[in-house]
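The primary structure of each chain is shown beneath.
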Amino acid sequence: MGEINYTWLQQYGRITTTAPIDEPVFGIPLTALRHPEKAKLMLEAYNEHLRADSLRSAAVYFMHSVRGLMIGVHYMTALCDTWLDLSLDNVILQVEVEDGRPAIGFQLNNVTEQSHPNLVAGPDAVPSSWRNDVLTAYYGEQLRPLIEGVAVAGGANTGQMWAQLASMLRWFKTTALQMNLKETEREAVVQGYEHVITMSPEILGLKKNLLAFKPVEIDNPHQPGETMLMKPVCCLHHQVYGGQNYCYSCPKLTKAERQERYDAILAAKSG
């Protein structure tokens with residue numbers, strides 16, 4: 001384990017410890033989003049630039065940003081000697097506009113790094129399950145009320161929202177394991193991933209844990225000869241910015257439609 005890489009947190013989680021250079025178009029304490037009436041204000045400000053067909057679609061698409069918090073807690077518990085407080089009470093959500101599109105960032109109030117439990121042997125040793133305990137608490141006590149508040153505000157299904165995180169969670173595991181890691185760090189990454197996909201669905205407020213899914217490989221048009229994962233659920237990309245195509249990896253595409261998209265992408269790449 002090592003020091004927190006703040007550049008990495010900013011790049012992949014949009015988590016920062018300083019105010020943004022440009023003035024956000026909207027800001028709100030993250031804890032306020034547990035309340036639907038506050039969450040609706042955020043969705044309306046977000047959707048002014050997202051241009052989704054409804055607040056329901058905006059609520060589901062909002063999970064693309066929530067993944068930053070999820071990735072942050074997995075990263076710091078598995079690969080860092082210290083951690084930053086990512087609880088709702090310590091985060092300000094900020095909606096910025098970049099190239100005409102909204103980008104949600106998370107600014108921390110208290111930026112003090114805190115040490116993980118002492119794992120040395122002896123009577124004061126902390127059980128190796130401490131990481132699982134931290135992840136369980138974060139998913140159930142922080143992410144769940146945030147997601148439920150936004151879901152009610154947008155009239156969205158919480159299951160569809162949780163399912164958006166499944167592929168992003170798997171992406172983190174795959175990306176982290178490609179880093180130059182010690183064996184103990186690799187084990188920590190896998191342990192954290194395996195723990196959350198097998199958690200009781202009640203922790204997430206669901207009847208089924210939708211963070212787990214059966215991977216489906218499809219041909220990768222961006223790297224011919226290789227494969228990529230099909231998304232487990234539709235991300236509603238086709239319902240934002242005034243209407244767009246389905247993603248190539250969307251599970252809603254038929255085999256014929258995906259082949260047509262594959263050919264079109266190859267043709268565009270070849271000029």
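Criteria and thresholds
- Residues numbered from 1 in each chain as written.
- Predicted model: local features only at pLDDT ≥ 70, side-chain atom pairs only at ≥ 80, totals over all residues.
- Heavy atoms only, no water.
- Helix = DSSP H or I, 4+ residues; strand = E, 2+ residues; numbered from the N terminus.
- Buried < 20%, exposed > 50% of the residue type's maximum accessible area, 1.4 Å probe, protein only.
- Contact = heavy atoms within 4.5 Å.
- Polar contact = N/O pair within 3.5 Å; in protein donor to acceptor, adjacent residues only side chain to side chain.
- Pairing = 2+ DSSP bridges.
- Core = buried A, V, L, I, M, F, W, Y, C linked by side-chain atoms within 4.5 Å.
- pLDDT = per-residue confidence, 0-100.

**Section: the environment of Glu98**
Looking at where Glu98 falls in the secondary structure, it is placed in strand 4 (residues 91-98). Since its relative accessible area comes to 38%, Glu98 is described here as partly exposed. Residues Glu98 and Ile28, spaced 70 residues apart in sequence, show a C-alpha to C-alpha distance of 19 Å. Apart from residues no more than four positions distant in its own chain, Glu98 is found in contact with Arg14 and Ala103. Side chain to side chain, Glu98 and Arg14 meet in a polar contact 3.3 Å long.

**Points about the pairing of strand 2 (residues 26-29)**
Burial along strand 2 is one-sided: the face carrying Phe26 and Ile28 is buried and the face carrying Gly27 and Pro29 is not. Across four bridges, the pairing between strand 2 and strand 4 is antiparallel. Across the sheet, residue Ile28 finds its bridge partner in strand 4, namely Leu93.

**Some points on the nonpolar core**
In terms of nonpolar packing, the biggest core is built from 76 residues, with Leu33, Leu93, Tyr139 and Val150 touching the most fellow members. When sequence neighbours within four positions are dropped, the list of residues in contact with Val150 reads Leu33, Ala39, Met42, Leu43, Ala59, Phe62 and Met161. Counting residues in hydrophobic clusters, the runner-up holds five residues, among them Ile218, Met230, Tyr262 and Ile265.

**Brief notes about the confidence of the model for the protein chain**
With 94% of its residues at a pLDDT of 70 or more, the protein chain has an overall mean of 91. Considering each helix and strand of the protein chain separately, the mean pLDDT is smallest for helix 9 (residues 255-270), with a value of 87, and largest for helix 8 (residues 201-204), with 98.

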